[in-house]
Amino acid sequence: MITTPTPPDDAIRPFSTATRVYATAIVLGLLGAMFFSITRWIDSNFGVITVDQMVLNLAGGADGVTTGDTSLVDSFIVDGLLTPALVVAGSVGVYAGLIALTRRAAKRQPKRSSTPSTTKSATGWRALALSLSIFLVVGTAPALANQVSLTQTIAAQASTDSLSDVYRDPADVTAPETKRNLVTIYLESMEPTFADATLFGRNLLAPLDSVTGDGWTQIDSLAQGDGLGWTMAGIVATQCGIPIKSASGGAAAEAADEGGTGANGEEVFNEIGANAEHYLPGITCLGDVLADAGYTNHFMGGADGTFANKKLFMMDHGYTDFMDKSTWKAAGETRMNTWGLEDERLFAHAADKVDELRATGVPFNLTMLSVDSHRPGLPGSTCTDAGSDLERAISCSMTYVSGFVRHLERIGALNDTVVVLMGDHKYMMPDDQLFDGKSAAGVTRTVFNRFWSPEGATVHEPSTDQYAMLPSMLELLGFEVPEGRAGIGVSAVGDHPRAGTLYALDPAARNRLVLAPSRDLYARFWDSP
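I will try to describe carefully the structure that is included in this document. Note that this is a predicted model, so its numbers are computed, not measured. Counting from 1, residues in each chain are numbered in the order their sequence is written. With pLDDT at 70 or above as the cut-off, local features in this predicted model cover only qualifying residues; side-chain atom pairs require 80 or more to be listed or tallied, and sums for whole chains, interfaces and linings still use all residues. In computing side-chain values, all of the structure's heavy atoms are included and hydrogens and water are not.

It is worth spelling out unusual backbone geometry at this point. Of the consecutive residues Arg 375 and Pro 376, the connecting peptide bond is found in the cis state with omega at 10°. Numbered from the N terminus, helices here are DSSP runs of H or I no shorter than four residues, and strands are runs of E no shorter than two. Structurally, the position occupied by Pro 376 is in the loop between β6 (364-369) and α13 (389-410). Of note in the backbone geometry, Leu 280 takes a positive phi value of approximately 50° without being a glycine. For Leu 280, the position within the fold is in the loop between α8 (231-240) and α9 (286-292).

If you want it as structure tokens, here you go:
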């Protein structure tokens, strides 16, 4: 009688217990490895973020992503996805090898009743594989959740509170009879920390310090709001006075009707302007207020306007003139970095633009956005400063900005123009990497800001956040801002009460309110006219 050999209990056969257990272990192991790698990647590139920031970047930042520096995307694919996949694949190979060696060693042993011991060994290997993978997931998931502020976000999403309680429509302001021009420069990833010589060996902001002394002022501590650690979020916060959210208060909008479907039965998702025809069409922002007051609005940036839909936002909110990477290429500019036009050339064009705008006699708002200080530091082709790429990029960029400010002074523009210099957000890097191992004890990282007003200005709130910039800029321009409130912010340059505002809340309550979906408010903001 011929008997068919019985395969070992740990043999990989379709739908066998061994197959199911090992497949589960591999999937869990891969998840755990990815959780670990993605946590490290987020920490090394951004520090602690919010879920909204992560999802909104994935959804709204997709359009135009190939027009900028793709190294961040590449590093995420390699470090966050491929590397853990390879590590798990290698671990599976080693594990399978150990099982094979164990089985081979067992076969060399003197023949006894080996079936029970073989079965016990197979069960042990499966239990070990499953246990290790479970421990890996359990050990890494909390760290990732903490890295993206998941607990705070979940608590906020469950909140019925709404920012509508503290929001004030900027359209309610009153324009002055004599209008001052406005020049706003968003300095990429800029924070006052770069002036600390103990951390960077020298004051990297020294060139700008030399031209923003007497008559200039600043908010001593301008905090970056939760989820505002990227350019469009910083621009929307300072120009519209709100945190950026979708119509549902998160990554996807509420469905078009109460039944949860759109006109054709499909789900309707709003990817923060990625596929929208209009960007926050239901809200009044700085450009809208100025256009209604008779200003012309102009934007100049080195990067491509399609990235994160900056151009769509600007053109939907009072800007009629938008110059970006495509503009400069068409003009024959060749001095480009991975993001766009180098800062030296951008501010040379900006000087010519100011001359042109002043000649018209019409009040104007000129907004600019630099690129050289974008991570990891993109020093201009003529930059000869010493140091790392980041240090050189910042120092030289500040030299170009200071040259532009000197041009404003030389042509008399500072007599009738408000100038606001501010970071769009803090630098996207945690302390230990940015400071290269130096002690950051006592260092509080905030957003850079300096401003000039021909009439002078006094800062009444030395510690505030980016939402305060909209009402502050309007007051610097001479607009009457009821109670100093616009958006969810309160002006820092006027002496205004904080009762009933966002700033009257304790920090924890303020954080919960800012993170709350506020669906009533954002459904209106995203509603097309």
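Next comes the rest of the write-up.
Let us now look at the sheet that holds β6. In this analysis, strands are considered paired if DSSP registers two or more bridges between them. Ordered by their spatial adjacency, seven strands build an open sheet running β2-β8-β7-β1-β6-β4-β5, and the pairing between neighbours is mixed. Lying at the two open borders of the sheet, with one neighbouring strand each, are β2 (216-217) and β5 (319-323). Working rule for contacts: check all heavy atoms of both residues, and any pair within 4.5 Å makes them a contact. Angles shown run from 0 to 180 degrees and are taken between the N-to-C directions of axes, each axis being a line fitted to C-alpha atoms and, for helices, limited to the stretch in contact. Across the sheet, α8 touches β1 (181-187), β5, β6 and β7 (417-423), and the angle it forms with β1 is around 150°.

Working definition: a disulfide is two cysteine sulfur atoms within 2.5 Å of each other. According to the stated counting rule, one finds two disulfides in the structure shown. Paired by a disulfide, Cys 240 and Cys 285 hold their sulfur atoms 2.0 Å apart. The sign of the S-S torsion, about 100°, decides the handedness of the disulfide formed by Cys 240 and Cys 285: right-handed. Here Cys 285 lies in the loop between α8 and α9 and Cys 240 lies in helix α8, a separation of 45 residues in the sequence. The pair formed by Cys 240 and Cys 285 is uniform in burial state, with each residue classed as buried. At a sulfur-sulfur separation of 2.0 Å, the disulfide partner of Cys 383 is Cys 396. Sign of the S-S torsion, about 75° for the bond between Cys 383 and Cys 396, identifies this disulfide as right-handed. Residue Cys 383 is located in the loop between β6 and α13, and its partner Cys 396 is located in helix α13; the two are separated by 13 residues in the primary sequence. Here Cys 383 matches Cys 396 in class, with each residue buried. For the protein, the disulfide bridges join cysteines in the arrangement 1-2, 3-4, where the cysteines are counted in sequence order. Type-normalised accessible area, obtained with a 1.4 Å probe on protein chains alone, sets the label of each residue: buried when under 20%, exposed when over 50%, and partly exposed for intermediate values.

A residue is classified by how much of its surface remains accessible, and Cys 396, at 5% relative accessible area, is buried. Residues Cys 396 and Asp 385, 11 residues apart in the sequence, show an inter-C-alpha distance of 7.0 Å.

What follows deals with the nonpolar core. Counting 65 residues, the largest nonpolar core has Val 236, Ile 242, Tyr 279, Phe 313, Val 420, Leu 474 and Phe 479 as the members making the most contacts within it. Considering every element that reaches this core, the biggest residue donor is α8, with six residues. Phe 479 has contacts with Val 173, Thr 174, Ala 175, Pro 176, Val 289, Leu 290, Ala 293, Tyr 295 and Leu 474, leaving out every residue within four places of it along the chain. In this text, buried Ala, Val, Leu, Ile, Met, Phe, Trp, Tyr and Cys residues form a nonpolar core when linked through side-chain atoms within 4.5 Å. By size, the runner-up hydrophobic cluster in this structure holds 45 residues, among which are Val 183, Phe 364, Met 398 and Phe 435.

Okay, the pairing of β5 next. Burial analysis of β5 places four of its five residues in the buried class, the great majority of the element. In this view, the connection linking strand β4 (residues 296-301) to its parallel neighbour β5 by way of helix α10 (residues 310-316) has right-handed handedness. The crossover handedness rule: strands pointing away from the viewer, path from first strand over the helix to second strand clockwise, crossover right-handed.

When a carboxyl oxygen of Asp or Glu is within 4 Å of a side-chain nitrogen of Lys or Arg, the pair counts as a salt bridge. Scanning all chains against the criterion turns up 12 salt bridges. The shortest N-O distance in the salt bridge between Arg 392 and Asp 389 comes to 3.4 Å. Placement of both Arg 392 and Asp 389 in helix α13 is noted, with a separation of three residues, approximately one turn of the helix. Given a relative accessible area of 19%, Arg 392 falls into the buried group. Classification of Asp 389 as partly exposed rests on a relative accessible area of 43%. With its nearest N and O atoms 3.8 Å apart, the salt bridge here joins Glu 461 to Arg 498. Taken together, the positions of Glu 461 in the loop between β8 (449-452) and β9 (463-465) and Arg 498 in the loop between β11 (489-490) and α16 (507-515) put the pair 37 residues apart, joining distant regions of the chain. Judged by relative accessible area, which is 25%, Glu 461 ranks as partly exposed. Of the residues examined, Arg 498 reaches a relative accessible area of 15% and is grouped as buried. Ionic contacts of the salt-bridge type, sharing partners, join the residues Glu 191, Asp 431 and Arg 445 into one network.

With that settled, consider α13. By this rule the span expected of a helix is its residue count minus one, scaled by 1.5 Å. Helix length check: α13 (22 residues) gives 31 Å between terminal C-alpha atoms against 32 Å at 1.5 Å per residue, within 8%. Remark: Gly 412 follows α13 within two positions and exhibits a positive phi of approximately 85°.

A few words now on the side chain of Arg 498. In terms of polar contacts, Arg 498 uses its side chain to reach the backbone carbonyl oxygen of Ser 491, at 3.4 Å. Separated by 3.1 Å, the side chain of Arg 498 and the backbone oxygen of His 496 make a polar contact. Aside from chain neighbours lying at most four places away, what touches Arg 498 is Glu 461, Val 490, Ser 491, Ala 492, Tyr 503 and Ala 504. In protein, a polar contact means a hydrogen-donor-capable atom and an acceptor-capable atom, both N or O and within 3.5 Å, with residues adjacent in sequence counting only if both atoms are side-chain atoms; elsewhere, any N or O pair within 3.5 Å suffices.

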